[in-house]
Every structure is written in structure tokens, then in C-alpha cells.
Amino acid sequence: MEMKLYLRMLQRGWWIIVLTMLVALIIALLMAYIVTPVYRATARFAVSPNASLAASSRDVVTSLEALDKRSIILTYAEFLNSTRIYEETLQALHLDPAQMNAYTHATTALPEANILELSVEGTDPQLAASLANTLGQNAIQQIKDLYQVYDINLLDPATVPLEPIRPQPLRDAGLAVALGFILGAALAILREQIRIPLDAYRQRVSLDPVSLVFNRRHFMRQVEEEIATNPNDPLSLGLLELPTLQDLIESMPEALIQGLLRQVAGILRNELRGNDIIGRWNNATFALLLPATPQSAANRTMERIQRTLSKPLVLDEYGERVELQPHISTSTYQKDDTAAGLAERAERELQLSG
């Protein structure tokens, strides 16, 4: 059930999702155009026992077993990551360290292998490859001066990368669209979560809490809007008074009154058209707004409603039969009329009919 609810939220907020995806895609493409490309050059190094120092094959096997502890591999990786060796390499290449802030280097030990991978990232692919190879050679020299039992050698030299690692427009665009969808879906759901309480608040402001039809203030606002929107169309306002209801309100439980009012409201909805509006005028009176309805048609509608509500209503939950004895009145919009004037005529006619 909750899944269907969220799907409906996403369906109503589809335009938010599409808009967010489009914005994310545009940002990703702009960033790909603006950002300076960064290249990565990678060199690989193999660590192995120094065969020239092994007295026997047994010593070689023992040295290989010691490499499985990874401490030697990680130590050699720290040499390749050394800041001092990196600075010495920059000096050897006659590079100013202050101008190399855009370049980074990192060494990783490949799992389940005695292989080290040195990566240098920077904006110049040729310089990145040269720096990776030179840094590796300097580190090898430093390691061999200190450690002779295990040898380290260049396995795969760094080559000049042809494609940048970032930005990658196609990859970034796809990722941006995916993230835009996720963010858009979250915004669509959030919008619905905010809108639902607002709708509930608007309903509390505009509805009568007992009968669940419009209250008098909102009903009159609807009359004013209808007059302003369609001043040349016929418009009728009907009042339906239920005299018995006033006595019941003063003597019967609130739950019974609520059930009775809502049953009356349901009958009115069945008797009226979809664009007709129902309001609660006062405790015992309902108001009906009939757009595009002349006097004669409005009279017929109100008389039909009167006949229907003249029959006793049965409240099954309480075993009660209620005679409502309805009275009706109708007033029709006249040129230059106002909502208040229309309502006043309907009230006068209702008093006369009673």
C-alpha cells in the first residue's frame, strides 16, 4: 500500500524529477567543459627475494613466505609515497614544487600479489608519466641502498595517458542523470508531504467539520467568484432549511447529529450536478449554488430535493427515524447583483415559505 502511495506521489511530481535530471545534466556538461582535464599515469613494480643473496632454494622459499606477511610490501609502498623522495624527484626534473600543486601521487599494494602500483595524477599527461617513472627509479635506488634481501624492480613503466580520468562527459552525464532522478524523486515526495498538510489545513478552513460540506464563509466566496467569472451566465442560489434538525441538535448526541448531517449532504450530492456547490448556511440550513441554472430549472431542482428529504431518514446505527420537514427557497442572479444581495433574497423567500 505504501509503495502505491509513493508511486502516486512520483507520478504527480514527474515534472520535478524531469526538471532536476535536466539541471543535473546541464551542470555536469558545463563542468566537463570548464574543468581542466586530469590525467593519470601508472607504473608497476615487482618485489621479490634477492636471488644473489640466497644460499639455497630453501632460503628463497622462506623469503617468499615472509613476503606473504605484507609488511615488506607496505614498507616499500611507503618509500614510493615518501615526500622527501618526491621532492628530490622534482628537483631532478628541474620542476618548481610551488607549481606542482595540481599533481598528486599515491602507491597501492595489489591484493594477493607482490606488486606495487604507483599512480601520478596531473594536468599534463607527458609530465605525469615522466614523473611516475622517475619517482619510481629514485625510490628503487633508495630501497636498494637500505634493503638488500628483497629486490624491487620496474615491472611496467608508466606510459603517456591518452584519455583523462576526469572529467569524462559521458560517464559524468550518466551519473548526473541518475543522481538527478534520485534527488528529483526525493523532492517530489517531499513536495507531496508538504502539500498534504497544506491541503488538510485548507480543508479545515473551508469545510464545516460536522457535515463536511463548505462552511458559509467559503460558500459565499465561491458565489462571489462565480459571479466575477461568469457575469453573463444564469446563476441560482437555493436554501434548504430542516426545522426538525434544530431541535435534534439541542437534544441528541453529537455523533447522531454528525451522521444525520453527512447523510443529508450525501443525498444532496446525489441530487445535484458535479459542478454544483453545497454549503452549510447555519445549524439547520444548507445552501446550494447552481451555476448556469435559470430560475425555472433551479425551482425544479429544489423541489426535487424537497420531495426526497420529505421522506423519513433512518439512522441504522441508532435505530432512529427522523422527519426533516424541509423548507426551500430560490433566488436567481440579476444584472449588477452581488453575492450578498443574492443571499438576502433567498433568506427572505425562505422566511416567507416557512
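Now for unusual backbone geometry. Omega for the bond connecting Arg166 with Pro167 falls within 30 degrees of zero, at -5°, which places this linkage in the cis form. Backbone geometry at Leu212 places phi at a positive 65°, although glycine is not the residue there. If you trace the backbone, Leu212 turns up in the loop between helix H7 (169-206) and helix H8 (216-229). Although it is not a glycine, Gln325 sits at a positive phi angle of roughly 50°. Take Gln325: it is sitting in the loop between strand E9 (320-322) and strand E10 (327-332).

Time to look at the packing of helix H10 (residues 254-271) against helix H11 (residues 295-310). Here H10 crosses H11 at 140°, and the two axes come no closer than 11 Å. Taken together, the axes of H10 and H11 are oblique relative to one another. Between H10 and H11 the crossing geometry is right-handed. Residue-level inspection shows Val264, Ile267, Leu268 and Glu271 of H10 in contact with H11, the latter providing Arg304, Ile305, Thr308 and Leu309. The residue makeup of the contact of H10 with H11, split by class, is five nonpolar, one polar and two charged.

Strand order in the open sheet formed by four strands is E6-E7-E5-E10, with antiparallel pairing between adjacent strands. At either margin of the open sheet sits one strand with a lone partner, and together these are strand E6 (277-282) and E10. Sheet twist, expressed as the mean angle between neighbouring strand axes with direction ignored, is 20°. Judged from the five bridges that link them, E6 and strand E7 (residues 285-291) form a sheet pairing that is antiparallel. Within E7, the residue paired with Ile277 across the bridge is Leu289. Against the sheet, H8 makes contact with strand E5 (235-241), E6 and E7, and its axis sits at roughly 135° relative to E6, the strand it touches most.

In this model, helix H6 (residues 125-146) (22 residues) spans 32 Å end to end at C-alpha, consistent with the 32 Å of a helix rising 1.5 Å per residue. All buried positions along H6 are accounted for by Pro125, Leu127, Ala128, Ala129, Leu131, Ala132, Leu135, Gly136, Ala139, Ile140 and Ile143. Residues of H6 that are buried make contact with strand E1 (39-49), helix H4 (71-81), helix H5 (83-92), strand E2 (104-109), strand E3 (115-122) and strand E4 (150-156). Sitting at the amino-terminal end of H6 is Asp124, which places a side-chain oxygen 3.1 Å from the backbone nitrogen of Gln126.

This brings us to the sheet that holds E4. In spatial order, the strands read E2-E3-E1-E4; together these four strands make up an open sheet with antiparallel pairing. Pairing within the sheet leaves two strands with one partner each, and these edge strands are E2 and E4. Neighbouring strand axes in the sheet, compared pairwise and without regard to direction, differ in orientation by 25° on average. Here E1 pairs with E4 via six bridges, running antiparallel. Within the sheet, the bridge partner assigned to Arg44 lies in E4 and is Asp156. Across the face of the sheet, H4 comes into contact with E1, E2, E3 and E4 while running at roughly 170° to E2. Across the face of the sheet, H6 comes into contact with E1, E2, E3 and E4 while running at roughly 165° to E4.

Below, the discussion takes up the packing of H4 against H6. Between H4 and H6, the shortest axis-to-axis distance is 9 Å and the interhelical angle comes to 130°. Taken together, H4 and H6 sit at an angle that is classed as oblique. For the pair H4 and H6, the sense of crossing is right-handed. Seen from H4, the contacting residues are Tyr76, Phe79 and Leu80; seen from H6, they are Leu135, Gly136, Ala139, Gln142, Ile143 and Leu146. Taken together, the residues of the contact of H4 with H6 sort by class into seven nonpolar, two polar and no charged.

Turning next to the pattern of salt bridges. Taken as a whole, this structure holds eleven salt bridges when the rule is applied. Among the ionic pairs, Glu117 bridges to Arg44, the shortest N-O distance being 3.1 Å. With Glu117 in strand E3 and Arg44 in strand E1, this pair connects stretches of sequence that are 73 residues apart. With a closest N to O distance of 3.2 Å, Arg280 and Asp208 form a salt bridge. Taken together, the residues span a long stretch of sequence, with Arg280 in strand E6 and Asp208 in the loop between H7 and H8 at a distance of 72 residues. Across the pair, Asp208 and Arg280 agree in class, each one buried. Residues joined in a network through salt bridges with shared partners are Arg40, Glu121 and Arg166.

What counts, and at which threshold
Residues numbered from 1 in each chain as written. Predicted model: local features only at pLDDT ≥ 70, side-chain atom pairs only at ≥ 80, totals over all residues. Heavy atoms only, no water. Helix = DSSP H or I, 4+ residues; strand = E, 2+ residues; numbered from the N terminus. Axes fitted to C-alpha atoms, helices over the stretch in contact; angles between N-to-C directions. Parallel < 35°, antiparallel > 145°, perpendicular 65-115°, else oblique. Left-handed = near helix turned anticlockwise from the far one by under 90°. Contact = heavy atoms within 4.5 Å. Nonpolar A, V, L, I, M, F, W, Y, C, P; charged D, E, K, R; others polar. Pairing = 2+ DSSP bridges. Expected span 1.5 Å × (residues − 1). Buried < 20%, exposed > 50% of the residue type's maximum accessible area, 1.4 Å probe, protein only. Polar contact = N/O pair within 3.5 Å; in protein donor to acceptor, adjacent residues only side chain to side chain. Salt bridge = Lys/Arg side-chain N within 4 Å of Asp/Glu carboxyl O.

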